[in-house]
Amino acid sequence: SSELFTLTYGALVTQLCKDYENDEDVNKQLDRMGYNIGVRLIEDFLARSNVGRCHDFRETADVIAKVAFKMYLGITPSITNWSPAGDEFSLILENNPLVDFVELPDNHSSLIYSNLLCGVLRGALEMVQMAVDVKFVQDTLKGDGVTEIRMRFIKRIEDNLPAGEE
Amino acid sequence: MADETLFQLLHTEVVAAAYGGGRGSGDEGQRNGLTVLEGMGFRVGQGLAERLPRGALVFKEELDTIKFLCRDLWGAVFRKQTDNLRTNHQGTYILQDNNFPFLTQMAWGQQYLEEAPKFLAFTCGLLRGTLSALGIESSVTASVASLPAWTK
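Presented here is a report on the structure given in the accompanying data block. (Residues numbered from 1 in each chain as written. Chains lettered and ligands numbered in written order. Predicted model: local features only at pLDDT ≥ 70, side-chain atom pairs only at ≥ 80, totals over all residues. Heavy atoms only, no water.)

Observations regarding the overall build of chain B
Argument step 1. When helices and strands are tallied, chain B shows five helices and four strands.
Argument step 2. What you see in chain B, going N to C, is helices and strands ordered as α-α-α-β-β-α-α-β-β.
Argument step 3. Every one of the 152 residues in chain B was classed for burial, and the buried ones make up 44%.
Argument step 4. In chain B, 52% of the contacts between residues at least 6 apart in sequence involve partners at least 24 apart.
Argument step 5. On chain B, roughly 7,400 Å² of surface is accessible, and the fraction owed to carbon and sulfur atoms is 49%. (Helix = DSSP H or I, 4+ residues; strand = E, 2+ residues; numbered from the N terminus. Buried < 20%, exposed > 50% of the residue type's maximum accessible area, 1.4 Å probe, protein only. Contact = heavy atoms within 4.5 Å. Areas by Shrake-Rupley, 256 points an atom, 1.4 Å probe, with all protein chains shown as cover.)

Re helix α3 (residues 62–78) of chain B
Residue and element names in this part refer to chain B.
Argument step 1. For α3, built from 17 residues, the straight-helix expectation of 24 Å at 1.5 Å per residue is met to within 8% by its first-to-last C-alpha distance of 23 Å.
Argument step 2. Regarding α3, the residues found buried are T65, I66, F68, L69, C70, L73, W74, V77 and F78.
Argument step 3. Immediately beyond the C-terminal end of α3, within one or two residues, lies R79, with a positive phi of roughly 60 degrees. (Expected span 1.5 Å × (residues − 1).)

Quick look at helix α3 (residues 57–73) of chain A
All names here are of chain A.
Argument step 1. When the local axis directions of α3 are compared, the greatest deviation, roughly 35 degrees, occurs at I64.
Argument step 2. Of all the residues in α3, the buried ones are F57, T60, A61, V63, I64, A65, A68, F69, M71, Y72 and L73.
Argument step 3. Sitting at the amino-terminal end of α3 is D56, which places a side-chain oxygen 3.1 Å from the backbone nitrogen of R58. (Bend = angle between axes of the 7 residues up to and from the residue. Polar contact = N/O pair within 3.5 Å; in protein donor to acceptor, adjacent residues only side chain to side chain.)

What about the interface of chain B and chain A?
Argument step 1. If you look at the interface, chain B gives 25 residues, while chain A gives 29 residues.
Argument step 2. In total, about 2,600 Å² of surface goes out of reach between chain B and chain A, with carbon and sulfur atoms giving 70% of it.
Argument step 3. For the chain B face of the interface with chain A, the top three residues by lost area are L6, E13 and R51 of chain B, together amounting to 25%.
Argument step 4. The interface formed by chain B and chain A includes one salt bridge.
Argument step 5. A salt bridge links R40 of chain A to E13 of chain B, with the nearest nitrogen and oxygen atoms 3.9 Å apart.
Argument step 6. Counting across the interface, chain B meets chain A through three residue pairs in polar contact (both at pLDDT 80 or more).
Argument step 7. Here the side of chain B that touches chain A gets ten residues from one element, more than from any other, and that element is helix α1 (residues 3–18) of chain B.
Argument step 8. In terms of residue class, the side of chain B that touches chain A is built from 15 nonpolar, three polar and seven charged. (Buried area = accessible area lost by both parts, 1.4 Å probe. Salt bridge = Lys/Arg side-chain N within 4 Å of Asp/Glu carboxyl O. Nonpolar A, V, L, I, M, F, W, Y, C, P; charged D, E, K, R; others polar.)

With respect to unusual backbone geometry
Residues and elements named next belong to chain A.
Argument step 1. In this structure, N81 is a non-glycine residue whose phi angle is positive, near 55 degrees.
Argument step 2. Here N81 lies in the loop between β1 (78–80) and β2 (88–93).
Argument step 3. Take N81: its relative accessible area is 48%, and that puts it in the partly exposed class.

Observations concerning the side chain of R150 of chain A
All names here are of chain A.
Argument step 1. Take R150: it is sitting in strand β4 (residues 147–156).
Argument step 2. A polar atom in the side chain of R150 sits 2.9 Å from the side chain of E88.
Argument step 3. Not counting chain neighbours up to four residues away, the residues in contact with R150 comprise T80, N81, S83, E88, F89, S90, D133, V134, K135 and V137.

A look at the packing of aromatic side chains
Argument step 1. Throughout the structure, instances matching the rule amount to 15 aromatic pairs over all chains.
Argument step 2. Considering the side-chain rings of F45 of chain A and Y72 of chain A, the 6.5 Å spacing of their centres and the 50 degrees angle between planes classify their relative orientation as tilted. Residue F45 of chain A is located in helix α2 (residues 23–49), and its partner Y72 of chain A is located in helix α3; the two are separated by 27 residues in the primary sequence.
Argument step 3. Residue classification places F45 of chain A among the buried residues on the basis of a relative accessible area of 7%.
Argument step 4. Overall, Y72 of chain A belongs to the buried group, its relative accessible area being 6%.
Argument step 5. Here the aromatic cluster, defined as three or more aromatic residues joined through ring pairs, consists of F7, W74, F78, F100, F102 and F122 of chain B.
Argument step 6. Here the guanidinium or amino end of R58 of chain A rests over the ring plane of W82 of chain A, the centre of that ring lying 4.3 Å away.
Argument step 7. Above the face of the Y19 of chain B ring, K118 of chain B is positioned so that its terminal group lies 4.5 Å from the ring centre. (Phe/Tyr/Trp six-rings, centres within 6.5 Å; stacked < 30°, edge-to-face > 60°. Lys NZ or Arg CZ within 6 Å of the ring centre and 35° of its normal.)

Some thoughts on the sheet that holds β2 of chain A
All names here are of chain A.
Argument step 1. The strand order β1-β2-β4-β3 describes an open sheet built from four strands, whose pairing is antiparallel. Unpaired on one side and paired on the other, β1 and β3 (130–138) mark the two borders of the sheet. Looking at each pair of strands side by side, their axes are set apart by 30 degrees on average, direction ignored.
Argument step 2. As judged from the eight bridges shared by β3 and β4, these two strands associate in the antiparallel manner. Bridged to A131 within β4 is K155.
Argument step 3. Here α3 sits on the sheet and contacts β1, β2, β3 and β4; the angle it forms with β2, its principal contact strand, is near 15 degrees.
Argument step 4. Sheet strands in contact with helix α4 (residues 115–127) are β3 and β4, and its direction is about 165 degrees off that of β3. (Pairing = 2+ DSSP bridges. Axes fitted to C-alpha atoms, helices over the stretch in contact; angles between N-to-C directions.)

Written out as structure tokens, the structure is:
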């Protein structure tokens, strides 16, 4: 059940806040952990979803919002705010399952509570040869009306040549 | 929803986090890490039990409570039930899972058996926390040879 994930995630963030003195370090840890999860989650995703290779960033956005988020978090964010060049978009989450029952205490205003998600997306896309930048620009935990994640395409990652073939 | 994979991956990161944060290395670090994991599981177990409908938690007998753990709690966390339940009818219960999801990913060999307790601590805490929310004080230990044990 998603409550289990939400509760466990909350316990994790609480523990990290105890272990690290400042919010920035916690944010980094969450991002790193998310990355570790993402690079493995992508295999599970590809196996379960049978989606083929995405031809462009718009297809990627659709798959992320309509298939991946639905599959793992049970929600379907909407996709908005495309940049003119088509290399940036926003995911809008009306509600974020990670923050059910969560309130940020006053002394953690720089904490990006759900930062794990950014790492997951970044790690997963790296495994399919896409370098992206992912960050929260709005957060209901901080009083915003919605949660908004901004995704920016950086570049295609070329496969490295195996050693000895250069 | 395929969230069990996501949860298992999160659990792996949680285990790693329990051993970070300058908690100390060596035997003391090991013990501290296990304590942290058990504590986290405990809080999550309490939280889960608190969110169940009141009617679901009324058990006539102790055994019914244990069956709840084997079926409903295990089902909620691992999408399966435990494989076997034994008791000495004096307050000790042994829940057996032959395919414990947090361990199935590990390659089996002597060196990894030492790591196994790290992957059981959270679950032990989870059981203890759920029981605590049901008003039952318990001690939960686990051993690998697929025999998590629960004693009251």
